[in-house]
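Descriptive structure summary
In case you want the letters, here they are:
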Amino acid sequence: MTGEVGGRKSVRWRMRWPRAWRTPLGVIGTVIALAWVIVAFTAQWWVPYPPNAQVLPRLQPPGIDTLMGTDANGRDVFSRLMTGATTTIPLALILVLAALVIGAVIGSVAGYNGRWVDETLMRITDLFMAFPTVILAMVVAASLGPSLFNAVIAAVVVSWPQYARVTRSVVLGLRTQNYVVAGRLLGFSPVRTLWTDILPNVAGPIVVLATLDVGAAILLLSGLSFLGLGAQPPTPEWGSMISAAMQNFDAWWLGVFPGLAILTVVMAFNFLGDALRDVLDPSSEVAHEQTQSPTGVAS
């Protein structure tokens with residue numbers, strides 16, 4: 001916006017955020033996700049009690065001294081819940097990143113090369129996708145042994161095929177584009193073509209899928225820990241905390257607060273993924289502008 005002030009032109013700049021980030025769900029998801037990430041990386045320095053310290057009365061309900069009560073071993077539930085975020089959220093992010101890299105590499109190679117390479121890699125992908133996700137993760141985790149590290153490996157094994165499928169479908173549509181063909185004619189290697197010409201166009205859908213998948217990764221890790229295939233006592237982890245709460249049904253706070261933590265994180269990353277999808281998809285923004293314009297033409 002320009003204006004005339006004292007005979008001089010003045011320019012006032014106003015930052016214009018994409019419309020998707022200004023929606024209530026986009027703002028809520030961003031704030032909650034950011035808050036939990038901050039908790040995950042700082043909780044160990046400000047929680048009131050060590051997560052495994054048995055220094056409080058057993059099964060004390062929430063109150064002034066213990067905001068979320070205590071468990072059957074006299075440990076502060078609030079301290080364990082906040083410390084559990086330092087375990088669950090970083091591992092979920094690592095899990096999603098590992099699955100993204102593996103799936104993107106396999107999908108790029110399959111989509112770019114085509115023919116027998118594509119057929120072979122996609123049949124392997126279909127083999128992994130043929131099994132229910134949770135069942136396959138349970139089988140892998142049980143085979144490797146119950147531990148949080150093995151649960152992450154099991155989750156990666158069942159998560160990468162969706163990234164491979166999405167990446168392959170995008171690469172198939174891009175490999176015949178003129179700028180990709182021109183790069184081949186100039187002698188670009190397949191690796192250089194994938195990295196410089198194709199990857200920037202694949203990044204959008206993959207980032208959106210990864211953001212949405214963080215919530216699913218947290219649910220999967222918590223589910224494996226709940227079944228005894230993930231985190232082992234006394235490690236503070238949300239799924240294992242809910243599993244331990246089943247031994248004391250009268251102490252409602254033992255299961256409610258970890259469940260609410262999982263709920264808020266999963267919903268936050270789902271809201272954030274939806275907003276990110278709208279930001280990275282220009283057609284959604286244009287369509288919204290057209291609906292707001294009286295003439296039906298985006299201003």
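Below is a summary of the structure that appears in this document. (Residues numbered from 1 in each chain as written. Predicted model: local features only at pLDDT ≥ 70, side-chain atom pairs only at ≥ 80, totals over all residues. Heavy atoms only, no water.)

**What to know about the overall build of the chain**
- A tally of regular secondary structure across the chain gives 10 helices and 2 strands.
- The order of α-helices and β-strands along the chain, N terminus first, is β-β-α-α-α-α-α-α-α-α-α-α.
- Out of the 299 residues belonging to the chain, those deemed buried represent 42%.
- For the chain, the proportion of contacts with a sequence separation of at least 24, taken over those separated by at least 6, is 69%.
- Of the roughly 16400 Å² that the chain leaves accessible, carbon and sulfur atoms contribute 68%. (Helix = DSSP H or I, 4+ residues; strand = E, 2+ residues; numbered from the N terminus. Buried < 20%, exposed > 50% of the residue type's maximum accessible area, 1.4 Å probe, protein only. Contact = heavy atoms within 4.5 Å. Areas by Shrake-Rupley, 256 points an atom, 1.4 Å probe, with all protein chains shown as cover.)

**A look at the packing of helix 2 (residues 77-113) against helix 3 (residues 115-129)**
- At a closest axis distance of 7 Å, the pairing of helix 2 and helix 3 adopts a crossing angle of 145°. The handedness of the crossing between helix 2 and helix 3 comes out as left-handed. Within the contact between the two elements, helix 2 uses Ile106, Val109, Ala110 and Asn113 and helix 3 uses Arg115, Val117, Asp118, Leu121 and Met122.
- When grouped by side-chain class, the residues that make up the contact of helix 2 with helix 3 number 6 nonpolar, 1 polar and 2 charged. (Axes fitted to C-alpha atoms, helices over the stretch in contact; angles between N-to-C directions. Left-handed = near helix turned anticlockwise from the far one by under 90°. Nonpolar A, V, L, I, M, F, W, Y, C, P; charged D, E, K, R; others polar.)

**Looking at a nonpolar patch on the surface**
- Nonpolar side chains collect at one region of the surface, where Trp252, Val256, Leu260, Leu263 and Met267 lie side by side and expose about 460 Å² of accessible area between them.
- Within the secondary structure layout, Met267 lies in helix 9 (residues 253-280). (Patch = residues over 30% accessible without salt bridge, like charges linked within 9 Å, V, L, I, M, F, W, Y side chains within 5 Å. Salt bridge = Lys/Arg side-chain N within 4 Å of Asp/Glu carboxyl O.)

**As for the packing of aromatic side chains**
- In this structure the tally under the stated criterion is 5 aromatic pairs.
- Judged by centre distance (5.3 Å) and plane angle (70°), the ring pair of Trp36 and Trp238 falls under edge-to-face. With Trp36 in helix 1 (residues 24-46) and Trp238 in helix 8 (residues 238-245), this residue pair connects regions lying 202 residues apart in the sequence.
- Look at Trp36 and you get buried, because its relative accessible area is 12%.
- On the numbers, 6.3 Å between centres and 50° between planes, the contact of Trp46 with Phe78 is tilted. Placement of Trp46 in helix 1 and of Phe78 in helix 2 is noted, with a sequence separation of 32 residues between them.
- For Phe78, a relative accessible area of 15% puts it in the buried group. (Phe/Tyr/Trp six-rings, centres within 6.5 Å; stacked < 30°, edge-to-face > 60°.)

**Points about the packing of helix 5 (residues 148-174) against helix 7 (residues 190-226)**
- The contact between helix 5 and helix 7 brings their axes to 9 Å, and the two run at 155°. In terms of their interaxial angle, helix 5 and helix 7 are classed as roughly antiparallel. Along this stretch, helix 5 crosses helix 7, giving a crossing that reads as right-handed.
- Of the residues assigned to the contact of helix 5 with helix 7, the class counts are 19 nonpolar, 5 polar and 1 charged. (Parallel < 35°, antiparallel > 145°, perpendicular 65-115°, else oblique.)

**Section: the layout of surface pockets**
- The volume enclosed by the largest pocket comes to roughly 330 Å³.
- Lining the largest pocket we find 20 residues, and of these Arg75, Arg80, Ser240, Met241 and Ala244 sit closest to its centre.
- Here the element with the most residues in the lining of the largest pocket is helix 8; it accounts for 5 residues. (1 Å grid on protein atoms, 1.4 Å probe; cavity = no way out; pocket = protein on both sides within 12 Å on 5 of 7 lines; lining within 4 Å. Points joined across faces, edges and corners; volume = space filled by probe spheres on them.)

**What about helix 5?**
- Taking 1.5 Å of rise per residue, 27 residues should cover 39 Å, and helix 5 covers 39 Å from first to last C-alpha, within 8% of that figure.
- Where helix 5 bends most, at Ser159, the angle is about 30°, and the proline Pro161 comes one to four residues later. (Expected span 1.5 Å × (residues − 1). Bend = angle between axes of the 7 residues up to and from the residue.)

**With respect to the nonpolar core**
- Core analysis: the largest hydrophobic core is formed by 63 residues, its most contacted members being Trp36 and Trp238.
- Listing elements by their share of this core, those giving two or more residues are helix 1, helix 2, helix 4 (133-144), helix 5, helix 7, helix 8 and helix 9. (Core = buried A, V, L, I, M, F, W, Y, C linked by side-chain atoms within 4.5 Å.)

**What about the side chain of Ser225?**
- Tracing the backbone shows Ser225 in helix 7.
- Since its relative accessible area comes to 3%, Ser225 is described here as buried.
- At 3.2 Å, the side chain of Ser225 forms a polar contact with the side chain of Glu237.
- Other than its neighbours up to four places away in sequence, Ser225 contacts Leu148, Gly230, Ala231, Glu237, Gly239 and Ser240. (Polar contact = N/O pair within 3.5 Å; in protein donor to acceptor, adjacent residues only side chain to side chain.)

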